Amino acid sequence: DAGITQSPRHKVTETGTPVTLRCHQTENHRYMYWYRQDPGHGLRLIHYSYGVKDTDKGEVSDGYSVSRSKTEDFLLTLESATSSQTSVYFCAISGTGDEQFFGPGTRLTVL
Amino acid sequence: AQSVTQPDIHITVSEGASLELRCNYSYGATPYLFWYVQSPGQGLQLLLKYFSGDTLVQGIKGFEAEFKRSQSSFNLRKPSVHWSDAAEYFCAGGQYNFNKFYFGSGTKLNVKP
């Protein structure tokens, strides 16, 4: 299995609070991705990174920001969490930009 | 717009029966296509992938998929389903160097004893 960890694995927070999710990899892969998974929608790309400090938006990026200061870490921040951001968040990595390997997921509940 | 569609939300098959899960894509050029499986509460595991070449690809756990350009399809098949195959299956597609995957909405497979 690819070395990908996500923290925390579960989080409950209140509307309006900031939240940061962390993805950590030990594969030295160039590409990293954040997805959210909601019933009936499959996985939707939030942001991705193609190198340190190089990031770009996905299809559902509003309300989210990311940062990548080291190859191994990709952070997803919800500046002011809303109930619509209650979801399961998956990080993925790729060495070549095609095949992706997924982390175990973070279940976020915004009350 | 690029997209991947899985027409079937739920499918139920009997153990030992054959399985086919449908996936359609809309891309201008030849896409990269994937099938992933997700067991409850777990992450996604890659079953197989198609980049180019032979249109029939073999994957893990006895699964295979066939790329049909004329039908814009990449259907997943298994000749004999096992109870442990009950899970949710996702088709995904992208184009090389675009770094963006598009996932279908998933098909939940239920296996009857």
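Quick caveat, the model's predicted, so the values are computed rather than measured.

Rules behind the numbers
- The written sequence of each chain sets the order in which its residues are numbered from 1.
- To label them, take the chains in the order written and letter them from A, then take the ligands in the order written and number them from 1.
- Reporting in this predicted model follows two pLDDT cut-offs: at least 70 for local features of residues, and 80 or more for side-chain atom pairs to be given and counted; totals over whole chains, interfaces and linings ignore these cut-offs and use all residues.
- Remark: hydrogens and water are excluded; side-chain values derive from all non-hydrogen atoms of the structure.
- One side-chain nitrogen of Lys or Arg within 4 Å of one carboxyl oxygen of Asp or Glu is enough to make a salt bridge.
- What counts as a helix is a DSSP run of H or I of at least four residues, what counts as a strand is a run of E of at least two, and both are numbered from the N terminus.
- A simple rule labels every residue: compare its accessible area, found with a 1.4 Å probe on the protein chains alone, to the largest value its type can have, and call it buried under 20%, exposed over 50%, or partly exposed in between.
- Each Phe, Tyr or Trp ring, with Trp reduced to its six-membered ring, pairs with another whose centre is within 6.5 Å; inter-plane angles below 30 degrees give stacked pairs, above 60 give edge-to-face pairs, and intermediate values give tilted ones.
- Should DSSP find at least two bridges between two strands, the strands are regarded as paired.
- A fitted line through C-alpha atoms serves as each axis, taken over the contacting stretch for helices, and the angle formed by two N-to-C directions is quoted from 0 to 180°.
- Within this scheme, the nonpolar core is defined by two criteria: the residues are buried Ala, Val, Leu, Ile, Met, Phe, Trp, Tyr or Cys, and they are joined through side-chain atoms within 4.5 Å.
- Residue contacts follow a heavy-atom distance rule, with two residues in contact if any of their heavy atoms lie within 4.5 Å.

Chemist: It is not clear to me how the pattern of salt bridges should be interpreted in this structure. Could you clarify?
Modeler: Opposite charge on two side chains lets them pair, provided their charged atoms get close. Taken as a whole and judged by the stated rule, the model has 9 salt bridges over all chains. A salt bridge links Glu 99 of chain A to Lys 49 of chain B; the nearest nitrogen and oxygen atoms lie 2.3 Å apart. Of this pair, Glu 99 of chain A sits in the loop between strand 9 (87-94) and strand 10 (101-102) while Lys 49 of chain B is found in strand 6 (residues 44-50), placing the two residues in two different chains. Glu 99 of chain A gets classed as buried once you look at its relative accessible area, which sits at 13%. Between Glu 66 of chain B and Arg 77 of chain B there is a salt bridge, with its nearest N and O atoms 3.2 Å apart. Placement of the pair is Glu 66 of chain B in strand 8 (residues 64-68) and Arg 77 of chain B in strand 9 (residues 73-78), with a sequence separation of 11 residues. On the accessibility criterion, Glu 66 of chain B (23% relative accessible area) is partly exposed. By relative accessible area, which is 22% here, Arg 77 of chain B ends up partly exposed. Counted as one network, the salt bridges with shared partners bring together Arg 22, Lys 70 and Asp 73 of chain A.

Chemist: Whenever I open this one, the packing of aromatic side chains confuses me. Can you help?
Modeler: Pairs of aromatic rings are described using the distance from one ring centre to the other and the angle between the two planes. Residues and elements named next belong to chain B. Per the stated rule, a full pass over the model turns up 16 aromatic pairs over all chains. Relative to Phe 67, the ring of Tyr 25 has its centre 5.8 Å away and its plane inclined at 25°; by these criteria the two rings are stacked. Of this pair, Tyr 25 sits in strand 4 (residues 24-26) while Phe 67 sits in strand 8; the two residues are 42 residues apart in sequence, bridging distant segments of the chain. Considering the side-chain rings of Tyr 36 and Phe 103, the 5.9 Å spacing of their centres and the 40° angle between planes classify their relative orientation as tilted.

Chemist: Looking at this structure, how should I read the sheet that holds strand 3 (residues 19-25) of chain A?
Modeler: Residue and element names in this part refer to chain A. The 4 strands lie next to each other as 1-3-8-7, forming an open sheet whose pairing is antiparallel. Looking at strand neighbours, the two that pair on one side only are strand 1 (4-7) and strand 7 (64-70), the edges of this open sheet. Between one strand and the next, the sheet's axes are offset by a mean angle of 20°, whatever the strand orientation. Direction of pairing for strand 7 relative to strand 8 (residues 73-78): antiparallel, over a ladder of 5 bridges. Paired with Tyr 64 across the bridge in strand 8 is Leu 78.

Chemist: How should I be thinking about the nonpolar core in this particular structure?
Modeler: Side chains of nonpolar character tend, in soluble globular proteins, to be buried together. All names here are of chain B. The biggest cluster of nonpolar side chains holds 26 residues, and the ones touching the most others in it are Leu 19, Trp 35, Leu 47, Leu 48, Phe 74, Leu 76 and Tyr 89. Elements with a minimum of two residues in this core: strand 2 (10-14), strand 3 (19-21), strand 5 (32-38), strand 6, strand 8, strand 9, strand 10 (87-94) and strand 12 (107-112). Ignoring anything within four residues of it in the chain, the contact list for Leu 47 reads Trp 35, Tyr 36, Val 37, Gly 59, Ile 60, Lys 61, Phe 63, Leu 76 and Tyr 89.

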